[in-house]
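Here are the chains, one letter per residue:
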Amino acid sequence: MNDPDILAYASEDEDMPCDAEDVTVADDEYAFEEFDTKQMEMLPTGPEDLERAFGIITTGIEPLEVTESSARLTGYITTSNRSQVRLGTYVVVPYGDEDLFSRVWKLQYVQEFDVDDATEIHSRRMLRSNTIQEEDYKYLAYLDPICILYEQQEDGETVLMRRMADRIPRPNTPILPVTEKVKIQTGLNIPREGIFLGHLSVGGELVRTDAVPFTVPYYLRNDYSMGDPLVFRHMLVCGSTGTGKTFLTKNILRQFMNENNRYNLRSIAEIKKNPCLVIMDPQDEYSQFFENNQELSPSDELVFGSEMVEHGAWPRTRTFVAKVDGHSYNGSSRAQQVEFTIPFELVRNNSWLIAAAELSELQYIALEVLLEDYFKRPGMHTYRGFGSFIDDESTRITYVDSGKVHEASYDAIVRKVKNRSFDRVFDQSAIPITDILADVFKPGQISVFPTEYINNSRIRDLITLTLMTMIVDNKLRTSGDIAVKDTPVILTLDEAHRYLSRSSSAHSRMIISKFADAARQGRKEALGLFLITQDPQDIDDTVFKQINTRIILNLSNDAAINVMKVKKEYEKRIPYLKKGQMIVQSPDNSDVVEVTGLSKCVVKHG
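Residues numbered from 1 in each chain as written. Predicted model: local features only at pLDDT ≥ 70, side-chain atom pairs only at ≥ 80, totals over all residues. Heavy atoms only, no water.

A.B. asks: I'm lost on unusual backbone geometry in this one. Help?
C.D. replies: A negative phi holds for most residues other than glycine; trans holds for most peptide bonds. Of note, the bond from Val-212 into Pro-213 is cis; its omega dihedral lies within 30 degrees of zero at -5°. At Met-308, a residue that is not glycine, the phi angle is positive and equals roughly 60°. For Glu-495, which is not a glycine, the phi torsion comes out positive at approximately 55°. For Glu-495, the location among the structural elements is in the loop between strand 20 (489-493) and helix 16 (506-525). (Helix = DSSP H or I, 4+ residues; strand = E, 2+ residues; numbered from the N terminus.)

A.B. asks: Could you clarify how one ought to interpret the nonpolar core in this entry?
C.D. replies: Across soluble globular proteins, nonpolar side chains show a tendency to be buried alongside one another. Grouped together as the largest cluster of nonpolar side chains are 149 residues, with contacts concentrated most on Tyr-90, Phe-256, Phe-344, Ile-354, Phe-386, Leu-500 and Leu-531. A total of 9 residues in this core trace back to one element, the largest contributor, which is helix 14 (residues 457-476). Among residues more than four places away in sequence, those in contact with Tyr-90 are Phe-101, Ser-102, Arg-103, Ile-146, Val-178, Leu-188, Leu-200, Val-202, Val-207, Tyr-570 and Val-593. In terms of nonpolar packing, the next biggest core, distinct from the first, is built from 17 residues, Leu-64, Val-85, Leu-143 and Ala-165 among them. (Core = buried A, V, L, I, M, F, W, Y, C linked by side-chain atoms within 4.5 Å. Buried < 20%, exposed > 50% of the residue type's maximum accessible area, 1.4 Å probe, protein only. Contact = heavy atoms within 4.5 Å.)

A.B. asks: How do you make sense of the pattern of salt bridges when you look at a structure like this?
C.D. replies: Close approach of charged atoms allows side chains with opposite charge to pair. Summed over the entire model, instances satisfying the criterion amount to 31 salt bridges. Salt-bridge contacts for Arg-167 lead to Asp-97; the nearest nitrogen and oxygen are separated by 3.2 Å. Separated by 70 residues along the polypeptide, Arg-167 in the loop between strand 7 (157-163) and strand 8 (174-177) and Asp-97 in the loop between strand 4 (90-94) and strand 5 (99-111) bring together distant segments of the chain. The class of Asp-97 is exposed, set by a relative accessible area of 56%. What you see here is one network of salt bridges that share partners, running through Asp-97, Glu-98, Arg-163, Asp-166 and Arg-167. (Salt bridge = Lys/Arg side-chain N within 4 Å of Asp/Glu carboxyl O.)

A.B. asks: How do you make sense of the pairing of strand 8 when you look at a structure like this?
C.D. replies: On a regular strand, each side chain points to the face opposite its neighbour's, so the side chains alternate between the two faces of the sheet. Here strand 1 (residues 55-57) pairs with strand 8 via 2 bridges, running antiparallel. Within the sheet, the bridge partner assigned to Ile-56 lies in strand 8 and is Pro-174. One ladder, built from 2 bridges, connects strand 4 with strand 8; its direction is antiparallel. Pairing of Val-92 across the sheet is with Leu-176, part of strand 8. (Pairing = 2+ DSSP bridges.)

A.B. asks: Explanation requested: the packing of helix 8 (residues 361-376) against helix 11 (residues 407-417) in the structure shown.
C.D. replies: Helix-helix packing is characterised by the crossing angle of the two axes and by the distance between the axes. Following both chains from N to C, one finds helix 8 and helix 11 inclined at 75°, their axes separated by 10 Å at the closest point. Taken together, the axes of helix 8 and helix 11 are roughly perpendicular relative to one another. Two secondary-structure elements touch here, helix 8 through Gln-363, Ala-366, Leu-367 and Leu-370 and helix 11 through Ser-409, Tyr-410, Ala-412, Ile-413, Lys-416 and Val-417. Per-class residue counts for the contact of helix 8 with helix 11 are 7 nonpolar, 2 polar and 1 charged. (Axes fitted to C-alpha atoms, helices over the stretch in contact; angles between N-to-C directions. Parallel < 35°, antiparallel > 145°, perpendicular 65-115°, else oblique. Nonpolar A, V, L, I, M, F, W, Y, C, P; charged D, E, K, R; others polar.)

Right, here's the structure in full:
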């Protein structure tokens, strides 16, 4: 006798005694709905895009939510696309008429089925098989909405615009990769032209688009459309030793040297001039701007041309060498060399140039009194002359007995000012730097001041500080030298922490005060500071706060990382950045982004 309950589990057979009507009902109840291709027309994107979709927006885990301060947007990523989605990946979610431009900020695996895989049997089985069935797990991507992209008509043209994320996407809307360069640039507020820094990347991988070339160039705003060019709001490149600071800096600075790159002058509003790039070079590497990089191929130059990357030697590069007794400069470049000396006259208005860091405030005040009286005397004013002046016993008696200078302070000043290092720098047998300002500050010229050939750190610092001060003084004073005053200047200072560090000494406070003023007035005086350092935490806050664009390479020092104050998601990446990778923080230019610099130097390097 046949049992209908048992036969119900058997394969379908024409002799099976079952009710046809019941079968039909069962089929209708459990049949899958066929996908109607006409429904494609109702979706906010086309079938081609759907094939590339990473997944869909889902409410199966958490509800969708957008507020004025936060959002909860969860997406399910299909098994075939999971390897393509990483932290920081940029995606768009279409509304139909607009796109939500977002960034993946969190990735998560969740079990697909209600099972316990934290068991001994399961773990041993997995260790033996060493395989994972992706279908057994949900792979979720949590999106951070950056903005909404929409089109707007301006002067008869369709322009892509962005606004804050004020709409919520519908459930089951596809999550798409961003393949249009203009959407990425608009979404991240990156200018379409300017000073080239590198290519947009995520986790060290270049962001790819459908354009040719596929990369997304990152430009720094360099026009007056939204205020002054950002170089006059100052730049900082920081990174540990060996992270490629000099390589990157050469590639960036070369972008400013272009015949068409001209800046306004406040004193002559109707005239625009090319900038003069002045570089304090402690490693003797920047004179190589004068020479081509022979490793560049024609294909490299073709790509550079398509992305407006300036490259090749800059023939208007000159090396200015300070004459120091007992030291000679050989040079690593064929650029023209000009020898100069520092006249003691510069100390008249900058007494701190010969004030050792250990001078107390009272000793510093006394030094200024002595210098003021010395420069009132007729005749030539030299370092040796000042040394003879303060070393004279009658001078000592005059100041000590009158109470102008305390005896101990006077002796300390004589002991510290009469230094062999100063004697080897001031008033050497070369043309004074003050007589060649017009040769140094020429529009469109790169003027390099190397100090690598000098093995005395005090002498190196004296030369660098003197040149820095001379530039700032002439820029800020209404009676400044016209060659400096009427030329846009980009002052590049390597090892900036040595000269702009926090300090309690009187002369250090004077330096900081001077450069804080220069940083604040840089925009109207066409003076841009380009600082390079491995210890950004040592730069004084009054100067550091004026720096608008910060380019962060690999840093392993927690204090250095903390002082940069970048978003947490980017801060965690800094110790893992490879050579050439950087975090660019420039609030007046774009959102915080990761950028990868060029793999080849645009001029000679090394």
